Amino acid sequence: MSRVYNFSAGPSMLPEEVLEQAGKEILDYKGSGQSVMEMSHRSKVFVEIFEETKADFKALLNVPDTHEVLFLQGGASGQFAAVPMNLIGVSGKADYAITGNFANLAYKEAKKFSGNINVAASSADANHTFIPAQSDLKFTPDASYFYYCANNTIYGTEWQYTPETGNVPLVSDMSSNIMSHPVDVGKYGVIFAGAQKNMAPAGVTVVIIRKDLAGHALPDTPVVFDYATMIDKDSMYNTPPCWCIYILGKVLKWVQSNGGVAGMEELKTLRSGLVYDYLDNSKLFKAPAQKGSRSGMNVTFVTGNEDLDKRFASEAAKKGLINLAGHRNVGGMRASMYNAMPVEGAKALVEFMKE
Ligand code: PMP
């Protein structure tokens, strides 16, 4: 068997030991005589998995008691709608920082629910190569919330600071950098993330919600997207994505045994640093994202020659470095290096770039 270094933007690599353990338990989870895929979500054995996973998640991200953690379905894209449906009712106004494709999709979704969605900042004119400074954010004083995407998966930029919004609840899409560094969760109203990059297989969406913000959903909000119902039912109003939650639990144990989120941050800095250092000294490759805004998860780069970029990705794949082509909207190359990417993968990429 030879495993590849998968630089996909997501779904992405999972720790090998997690896959091995799941393999061992595939027919008989801990003497239950069944796979986790087969068991009732109401069974004692699954509820134990669920509760332990939630407790580990809270411990790793230091989630305060003011907040609840939900394991939902519908992806991060579902949350683009759930956020306004649950929060916009306060004043009918919200502010969005448009720093990339997914922030823009969230902004467009929010406009379906209110005519008063404002652009607090946009990097569109500079092809989303930078993150705006705090002093460039334009706030609506009575906004129901301020929204930003913490890591722009396609453009390879990442917020290096937490926006200060005063009393306005802060909402963040952390799909592509959750669990990759410590976060002061208490500062946030809502954090959400599709888990398929840093934490689990595709299918579970994690939502962290300040409990006092729930309970104001628009009357037409579908019940599966109503935070108050999901808090009340502990994410089990309907069947949760059981298998994904089980793998999430195993990944969280792996994060714990590798230094927690601080350990993940060290690895992230090491991997991305290796690639950025090489890019900064290369005559052939360039990194479009501006220094100070660069992502530690998704490193984007170009040669300036589209044919050569395509050839780079296809030749790399032959060497077991797969999915290095940039997103179809922007071209070039992108190396997504999430939590489970070994440092050796980053080293192998740099060696291939040298070649
Ligand atoms: N937000 C970000 C930052 C993403 O990278 C993605 C997916 N690549 C999404 C949202 C959409 O996530 P999903 O496919 O889970 O809806």
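Attention here is on the structure that accompanies the text. (Residues numbered from 1 in each chain as written. Predicted model: local features only at pLDDT ≥ 70, side-chain atom pairs only at ≥ 80, totals over all residues. Heavy atoms only, no water.)

1. A word on the overall build of the protein
Within the protein one finds nine helices and 13 strands. Radius of gyration (C-alpha) of the protein: 20 Å, near the 20 Å computed for a compact globule of 355 residues. When the 355 residues of the protein are sorted by exposure, 55% land in the buried category. Of the contacts made within the protein by residues no fewer than 6 positions apart, 68% connect residues no fewer than 24 positions apart. Of the roughly 15300 Å² of accessible surface on the protein, 50% is carried by carbon and sulfur atoms. A gap of 4 Å separates the mean positions of the 33 positive and 37 negative side-chain charges of the protein. (Helix = DSSP H or I, 4+ residues; strand = E, 2+ residues; numbered from the N terminus. Rg over C-alpha atoms; globule rule 2.2 N^0.38 Å. Buried < 20%, exposed > 50% of the residue type's maximum accessible area, 1.4 Å probe, protein only. Contact = heavy atoms within 4.5 Å. Areas by Shrake-Rupley, 256 points an atom, 1.4 Å probe, with all protein chains shown as cover. Lys, Arg positive; Asp, Glu negative; His and termini not counted. Charge placed at Lys NZ, Arg CZ, Asp CG, Glu CD.)

2. Some remarks on the environment of lysine 108
Within the secondary structure layout, lysine 108 lies in helix α4 (residues 101-110). A C-alpha to C-alpha distance of 18 Å links lysine 108 and alanine 150, two positions 42 residues apart in sequence.

3. Side note on the site of the ligand
Surrounding the ligand, one finds 13 residues, the nearest of these being Ser77, Thr153, Asp173, Gln196 and Lys197. Between alanine 76 and the ligand, the recorded distance is 3.0 Å, taken from a backbone N or O atom to an oxygen atom. One of the side-chain N or O atoms of serine 77 is found 2.6 Å from an oxygen atom in the ligand. Contact with the protein chains hides 82% of the accessible area of the ligand, taken as 400 Å² for the molecule alone. Of the residues forming the shell around the ligand, the biggest block, four residues, is contributed by helix α3 (residues 75-87). Within the shell around the ligand, the residues separate by chemical class into four nonpolar, seven polar and two charged. (Near = heavy atom within 4 Å. Polar contact = N/O pair within 3.5 Å; in protein donor to acceptor, adjacent residues only side chain to side chain. Nonpolar A, V, L, I, M, F, W, Y, C, P; charged D, E, K, R; others polar.)

4. Details of a nonpolar patch on the surface
Among the surface-exposed residues, Ile26, Leu27 and Met37 lie close enough to one another that they form a single nonpolar patch of about 320 Å² accessible area. Looking at the secondary structure, you find leucine 27 in the loop between α1 (16-24) and α2 (44-61). (Patch = residues over 30% accessible without salt bridge, like charges linked within 9 Å, V, L, I, M, F, W, Y side chains within 5 Å. Salt bridge = Lys/Arg side-chain N within 4 Å of Asp/Glu carboxyl O.)

5. Structural notes on helix α7 (residues 260-280)
Between the first and last C-alpha of α7 there are 30 Å, a value that for 21 residues agrees with the 30 Å anticipated at 1.5 Å per step. Of all the bends in α7, the greatest, near 25 degrees, is centred on glycine 273. The complete set of buried residues in α7 reads Gly260, Val261, Gly263, Met264, Lys268, Arg271, Ser272, Val275, Tyr276 and Leu279. Where α7 is buried, its residues meet α2, β7 (157-158), α6 (242-257), β11 (298-301) and α9 (343-354). (Expected span 1.5 Å × (residues − 1). Bend = angle between axes of the 7 residues up to and from the residue.)

6. Re the pairing of strand β5 (residues 146-149)
A two-sided burial pattern is seen for β5, the buried positions comprising Phe146 and Tyr148 on one face and Tyr147 and Cys149 on the other. The pairing of β5 with strand β8 (residues 170-173) spans four bridges and is classified as parallel. Of the residues in β8, the one forming a bridge with tyrosine 148 is serine 172. (Pairing = 2+ DSSP bridges.)

7. Re the pattern of salt bridges
For side chains of opposite charge, pairing can occur when their charged atoms come near one another. Taken as a whole and assessed by the stated rule, the structure comprises 18 salt bridges. Its salt-bridge partner being lysine 291, residue aspartate 280 comes within 3.8 Å of it at the nearest N-O pair. On the criterion of sequence distance, the pair formed by aspartate 280 in helix α7 and lysine 291 in the loop between α7 and β11 is long-range, its members being eleven residues apart. Lysine 291 gets classed as exposed once you look at its relative accessible area, which sits at 61%. Measuring nitrogen to oxygen at the nearest pair gives 2.8 Å for the salt bridge that ties aspartate 280 to arginine 294. Of this pair, aspartate 280 sits in helix α7 while arginine 294 sits in the loop between α7 and β11; the two residues are 14 residues apart in sequence, bridging distant segments of the chain. Taken together, the shared-partner salt bridges in this structure form one network comprising Lys54, Lys58, Glu68 and Asp234.

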